[in-house]
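# Commentary on secondary and tertiary structure
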Amino acid sequence: MAVALMMEGVLSACYHVCPNYSNFQFDTSFMYMIAGLCMLKLYQTRHPDINASAYSTYATFAVIICFAVLGVIFGKSNTWFWVVFSIIHVMASLGLSTQIYYMGRFKIDVSNADFGIFRRIGIVLYTDCIQQFSRPIYMDRMVLLILGNLVNWSFAIFGLVSRPKDFASYLLCIFICNLLLYLAFYIIMKLRSSESIRAIPLFCILATTFIWASALYFFFQTLSSWEKTPAESREQNRECILLNFFDEHDVWHFLSATAVFFSFLVLLTLDDDLDFVRRDKIPVF
């Protein structure tokens, strides 16, 4: 996570040398990795035995960044790209939901040639959706996954219908929304399990919220635009507000970097109350 944060700074600097649509992906590549690693860090806290391996994690990141590059190249005009991406997005959401709901215990025997796959899916649907229709086996996880799938399907439909020209930002929004949703679920479940949030993580949460709100205020000042020519972009510039040298966009970078740092501190201190609790006594959710 720390290396990803440093590389984000390096690639953001590369993008700012000559901001344009093609190299905006430099600025967002490690944002995907930061959001993904934060979700893995949260999941690993309660599921150290079934967390994704480093090989599968970074291979997945490589595929995601490849999709980001393809989105930059084809996203503005190619209908087939959006169709394929939306289908993969929905299928990945369903597959990941299955693994999260059953905590890695859901297995399908692909070697069975006599429709074993469909039989297994039918058994699962019958036992968990029909027999347990009044109350799912894992209610809390079911609520999270329903919300998560609704959010992701909404993103997929929105992308397919509107085809936003800034694919990199669209993909980043998907990651950020999923991270915030899972973090909210984690904190709610922690409190429901009669665990506490100590002073340091509580301070980090409040500081993160305040600094992110301040950073986004400066981000949306729109002092420049890579979508316009350099001359047109310069017309949006304003007077410097910090030390007579830095403008609002510079302040955005200072604040956002600080906010990401405090976000990491939230993840690293959130379970400080469990330091002296036996591993087998910690609730899993």
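Residues numbered from 1 in each chain as written. Predicted model: local features only at pLDDT ≥ 70, side-chain atom pairs only at ≥ 80, totals over all residues. Heavy atoms only, no water.

### With respect to the overall build of the protein
Per the secondary structure count, the protein includes 10 helices and zero strands. Each helix (α) and strand (β) of the protein, taken in turn from the N terminus, gives the series α-α-α-α-α-α-α-α-α-α. Split into buried and exposed, the 285 residues of the protein put 38% on the buried side. Of the accessible surface of the protein, which amounts to about 17100 Å², a share of 70% is contributed by carbon and sulfur atoms. (Helix = DSSP H or I, 4+ residues; strand = E, 2+ residues; numbered from the N terminus. Buried < 20%, exposed > 50% of the residue type's maximum accessible area, 1.4 Å probe, protein only. Areas by Shrake-Rupley, 256 points an atom, 1.4 Å probe, with all protein chains shown as cover.)

### Some words on the layout of surface pockets
Estimates place the volume of the second largest pocket at around 1300 Å³. Looking at the second largest pocket, it is lined by 35 residues, and the ones nearest its centre are Met39, Thr60, Ala92, Leu96 and Phe175. With nine residues, the single largest contributor to the lining of the second largest pocket is helix H4 (residues 79-101). For the lining of the second largest pocket, a count of residues per class yields 21 nonpolar, 14 polar and no charged. (1 Å grid on protein atoms, 1.4 Å probe; cavity = no way out; pocket = protein on both sides within 12 Å on 5 of 7 lines; lining within 4 Å. Points joined across faces, edges and corners; volume = space filled by probe spheres on them. Nonpolar A, V, L, I, M, F, W, Y, C, P; charged D, E, K, R; others polar.)

### Observations regarding the packing of aromatic side chains
If you walk through the whole model with that rule in mind, you get 22 aromatic pairs. Centroid distance Trp82 to Phe167: 5.4 Å. Interplanar angle 70°. Geometry classified as edge-to-face. In this pair, Trp82 sits in helix H4 while Phe167 sits in helix H7 (residues 167-192), placing the two residues 85 residues apart along the sequence. Take Trp82: its relative accessible area is 0%, and that puts it in the buried class. With 5.4 Å between their ring centres and 70° between their planes, Trp82 and Tyr170 make a pair best called edge-to-face. (Phe/Tyr/Trp six-rings, centres within 6.5 Å; stacked < 30°, edge-to-face > 60°.)

### Focus: the UniProt feature "transmembrane region" (unreviewed entry) in the protein
Mapped onto the present numbering, the UniProt feature "transmembrane region" (unreviewed entry) falls on residues 55-74, 80-102, 142-161, 167-188, 200-220 and 251-270. Helix makes up 100% of residues 55-74 and strand 0%, whereas the separation of the span's terminal C-alpha atoms amounts to 28 Å. End-to-end, the C-alpha atoms of residues 142-161 are 28 Å apart, and along that stretch the chain is 100% helix and 0% strand. (UniProt positions renumbered as here; feature names shortened; annotations may be inferred.)

### Details of the packing of helix H6 (residues 139-162) against H7
Where H6 contacts H7, the two axes come as close as 11 Å, and the packing angle between them is 165°. Judged by the inter-axis angle, H6 sits roughly antiparallel to H7. Of the two elements, H6 crosses H7, and the hand of that crossing is right-handed. In this structure, H6 uses Asp140, Leu144, Leu147, Gly148, Val151, Asn152, Phe155, Ala156, Phe158 and Gly159 to contact H7, whose residues at the interface are Tyr170, Cys173, Ile174, Cys177, Asn178, Leu181, Tyr182, Phe185, Met189 and Arg192. (Axes fitted to C-alpha atoms, helices over the stretch in contact; angles between N-to-C directions. Parallel < 35°, antiparallel > 145°, perpendicular 65-115°, else oblique. Left-handed = near helix turned anticlockwise from the far one by under 90°. Contact = heavy atoms within 4.5 Å.)

### Quick notes on unusual backbone geometry
Phi is positive for Arg163, close to 50°, though the residue is something other than glycine. Backbone geometry places Asn244, a non-glycine residue, at a positive phi of 55°. Along the chain, the position of Asn244 falls in the loop between helix H9 (230-234) and helix H10 (248-269).

### Here's the deal with the nonpolar core
Tyr32, Phe85, Phe167, Tyr170 and Leu171 are the most contacted members of the largest nonpolar core, which has 40 residues in total. Of all the secondary structure elements, the ones that give two or more residues to this core are helix H1 (2-17), helix H2 (24-46), helix H3 (54-74), H4, H6, H7 and H10. In terms of residue count, H7 provides more of this core than any other element does, 13 residues in total. Those residues in contact with Phe85 that lie beyond four places of it in its chain are Phe67, Phe167, Tyr170, Leu171 and Ile174. (Core = buried A, V, L, I, M, F, W, Y, C linked by side-chain atoms within 4.5 Å.)

### Structural notes on the confidence of the model for the protein
Per-residue pLDDT for the protein averages 82, and the proportion of residues at 70 or more is 85%. For the protein, helix H5 (residues 116-130) is the element with the lowest average pLDDT, namely 57, and helix H8 (residues 199-219) is the one with the highest, namely 92. (pLDDT = per-residue confidence, 0-100.)

### As for a nonpolar patch on the surface
A contiguous nonpolar patch, built from Ile87, Met91, Leu94, Val143, Ile146, Leu147, Leu150 and Trp153 and spanning about 720 Å² of accessible area, is present on the exposed surface. If you list the elements that add at least two residues to the nonpolar patch, you get H4 and H6. When residues in the nonpolar patch are grouped by element, the largest group, five residues, is from H6. Turning to its location among the elements, Leu94 is positioned in helix H4. (Patch = residues over 30% accessible without salt bridge, like charges linked within 9 Å, V, L, I, M, F, W, Y side chains within 5 Å. Salt bridge = Lys/Arg side-chain N within 4 Å of Asp/Glu carboxyl O.)

### Comments concerning the pattern of salt bridges
The tally for this structure, following the rule as stated, stands at six salt bridges. The partner of Arg46 in a salt bridge is Asp271, with the nearest N and O atoms 3.2 Å apart. On the criterion of sequence distance, the pair formed by Arg46 in helix H2 and Asp271 in the segment after H10 is long-range, its members being 225 residues apart. Here Arg46 matches Asp271 in class, with each residue buried. Lys190 is the salt-bridge partner of Asp273, the closest N and O atoms lying 2.8 Å from each other. Of the two residues, Asp273 sits in the segment after H10 while Lys190 sits in helix H7, which places them 83 residues apart along the sequence. Here the two residues Asp273 and Lys190 agree in accessibility, since each one is buried. Each of Arg46, Lys190, Glu195, Asp271 and Asp273 takes part in one network of salt bridges that share partners.

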